[in-house]
Every structure is written in structure tokens, then in C-alpha cells.
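So you can see what is in the structure, the chains are spelled out below.
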Amino acid sequence: MQKPRFTLLQIAIHLYAWSSIVLLLFKFFTHNFSANPIQDLERATGRHAIALLFLAFACTPINTLFKWSEPLKRRRTLGLYALLYATIHFIIYVNLDYGLAWSLILPDVVQKPRLIVGALALLCLLPLGITSFDIWKKRLGKNWKRLHKLIYLIALLAVLHYLWSKKGDLFTLQGEILEPALYGFTAILFLILRIPAVRRLRASFPARKFSAKKENPQI
Ligand code: HEM
């Protein structure tokens, strides 16, 4: 029987990424947003960007926990989609929000710490996206892995950006902080799961190896 070209996980990732763009465009052009459609678009693209970033970030812990190797192959796709959404998010801000008035944009970014951390996250995401292809993996050798450790910093910057954009305060639990706080705790959990001692401990426990084929011989 011929092996399917795409796995279920691949189909799910592409479906999520493209259906969300189509839905946002549809809502925008059918005036199905609030009284401030540009802000809605900015927020929605920001939320998809951080969700995709964390899905990419989750691939190694999922492999560590469930010994499921396929997510490791999907990191690049998820990372590139996160970069795509963060770039659309940025373009909405500079173009739809500020009409490319750089004399207004630059002071706005410089004055708002939440935008500075957002900009830093995007600036760090760019080289990761560009070097995510095999040719760069070969060219950079050991430095490739070092460079891609930036994902830890990007995840924390994106969480801060989200939290400050929501004007939430973790210490007083003020504002709409639940989602950014959940992302924050998830980032901390993922970082803990990457500690070599924790990974060795995890590896010492036999785990039921998750594989689509074994679970579902039909596929
Ligand atoms: C130069 C880069 C960036 C700029 C200028 C920018 C700008 C903004 C602005 C203006 C908002 C607030 C929207 C509002 O409430 O009025 C926002 C929210 C947000 N941004 Fe960014 N952003 C940048 C990068 C990023 C990146 C890299 C990510 C994720 C990877 C991201 C994720 C988010 C999220 C999750 C929100 C909150 C959405 C919500 O309120 O529901 N942003 N961003």
C-alpha cells in the first residue's frame, strides 16, 4: 500500500495555519470584526504567532515525554508559520495602523517596552527562520544548534510582549493575564524539560512509544 504523502500532523499544521489566514481575511472583508478591525487583526495575528511559536517550542518536550519523533520533523514548519504570522502582525502595525509613517512608528516602539520586546522577538525569529533550511544547518555546523537556542529567549520575549500588551500584572493578577500567564508557565515547563538531568531522568523511565502507525494500523 502506498505511503501517504502527508501525515495527519502535517495536514493539521498546514490546515490550521492557512485556514486561520483565510478566516481573518474573510472576517476583515465582510466587516465581521469589532468597531476597530485593525486592532482585531493585529491581536488575532499576534495570538496565532505566539501559538505557532509555542507549538514549535513544544516539539522537543513532546518527544522527550512521549518518545514521539515526528514532532521533531515539524519544528521547522511550525517555526516558519510563526515567523509568517509575526511578520503579518508587524505589517498590520506599520502599514494599516501607522500607514508606514516611520517618523511616528519608531518613537512609538522606542517609548513602549511591550513593543521593544515584540520587536526583539521578531528580530530574533528572523535568523531562525532563514537558517531553518538544511543548507544552513550544514553551513553553520555546531553554531546552528547554538543559534536555534534563541527560541528560549524568543518565547520569553513574546510572553512578556503579550502580557504587557494585555496590560496584565502577574503579581497583582490584574488585567487579562490568564492566556499570557499560561504561555509563561508553559515556557518555564518546557525549559525545565530541557534540563539534561531532567531529560536523563525521563529517559530512565520506559515510555509507551507513540507512533501513528502502531496506534492506527489503517494509516
Ligand atoms: C516589531 C514587532 C512587533 C510589533 C510592532 C507588535 C505590535 C503589537 C501591538 C501594537 C499589539 C497590541 C494590539 C492592541 O492590543 O492594540 C500587539 C499584541 C500582541 N502581539 Fe505583537 N508585535 C510585534 C511582535 C510580536 C511577535 C514576534 C509576537 C509573537 C511571536 C507577537 C504577539 C502578540 C500577541 C500575542 C499580542 C496580544 C494579542 C491580544 O491582545 O490578544 N507580537 N503586538
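These numbers were taken from a predicted model, which means no experiment stands behind them. (Residues numbered from 1 in each chain as written. Predicted model: local features only at pLDDT ≥ 70, side-chain atom pairs only at ≥ 80, totals over all residues. Heavy atoms only, no water.)

A.B. asks: Which residues make up the layout of surface pockets, and what values do they have?
C.D. replies: Space inside the largest pocket adds up to approximately 1,100 Å³. Along the walls of the largest pocket sit 42 residues, with Glu 42, His 89, Leu 115, His 161 and Ser 165 positioned nearest its centre. Residues that form the lining of the largest pocket fall into these classes: 24 nonpolar, eight polar and ten charged. Broken down by secondary-structure element, the contributors of at least two residues to the lining of the second largest pocket are helix H2 (37-66), helix H3 (70-97), helix H5 (113-130), helix H6 (134-140), helix H7 (142-148) and helix H8 (150-165). For the lining of the second largest pocket, the element with the highest residue contribution is H3, accounting for eight residues. Partitioned by chemical class, the residues of the lining of the second largest pocket number ten nonpolar, eight polar and ten charged. (1 Å grid on protein atoms, 1.4 Å probe; cavity = no way out; pocket = protein on both sides within 12 Å on 5 of 7 lines; lining within 4 Å. Points joined across faces, edges and corners; volume = space filled by probe spheres on them. Nonpolar A, V, L, I, M, F, W, Y, C, P; charged D, E, K, R; others polar. Helix = DSSP H or I, 4+ residues; strand = E, 2+ residues; numbered from the N terminus.)

A.B. asks: For the pattern of salt bridges, give the residues involved together with the corresponding values.
C.D. replies: Under the defined criterion, the tally for this structure stands at four salt bridges. A salt bridge links Asp 108 to Lys 112, with the nearest nitrogen and oxygen atoms 2.6 Å apart. With relative accessibility at 9%, the residue Asp 108 sits in the buried group. Residue Lys 112 is classed as partly exposed on the basis of its relative accessible area, which comes to 27%. Lys 166 is paired through a salt bridge with Glu 176; the nearest N and O atoms lie 3.9 Å apart. Placement of Lys 166 in the loop between H8 and helix H9 (178-193) and of Glu 176 in the loop between H8 and H9 is noted, with a sequence separation of ten residues between them. What makes Lys 166 buried here is its relative accessible area of 17%. Glu 176 gets classed as exposed once you look at its relative accessible area, which sits at 56%. (Salt bridge = Lys/Arg side-chain N within 4 Å of Asp/Glu carboxyl O. Buried < 20%, exposed > 50% of the residue type's maximum accessible area, 1.4 Å probe, protein only.)

A.B. asks: Tell me what's going on with the packing of H2 against H3, and back it up with residues and numbers.
C.D. replies: Relative orientation of the contacting elements H2 and H3 amounts to 160°, with a least axis distance of 8 Å. Relative to H3, the element H2 lies roughly antiparallel. The two elements H2 and H3 cross, and the hand of that crossing is left-handed. For the contact of H2 with H3, the residue count by class is 20 nonpolar, seven polar and three charged. (Axes fitted to C-alpha atoms, helices over the stretch in contact; angles between N-to-C directions. Parallel < 35°, antiparallel > 145°, perpendicular 65-115°, else oblique. Left-handed = near helix turned anticlockwise from the far one by under 90°.)

A.B. asks: With reference to specific residues and values, describe the site of the ligand.
C.D. replies: Among the 21 residues in the neighbourhood of the ligand, the closest are listed as Gln 39, Arg 43, Arg 47, His 89 and His 161. One of the side-chain N or O atoms of Gln 39 is found 2.9 Å from an oxygen atom in the ligand. Side-chain polar atom of Arg 43 to an oxygen atom of the ligand: 2.8 Å apart, as the coordinates give it. Placement of the ligand is best described as lying within the largest pocket. Contributing elements (two or more residues each) for the shell around the ligand: H2, H3, H5 and H8. Top contributing element to the shell around the ligand by residue count: H2, with seven residues. In terms of residue class, the shell around the ligand is built from eleven nonpolar, six polar and four charged. (Near = heavy atom within 4 Å. Polar contact = N/O pair within 3.5 Å; in protein donor to acceptor, adjacent residues only side chain to side chain. Sits in = over half its atoms within 2 Å of the grid points.)

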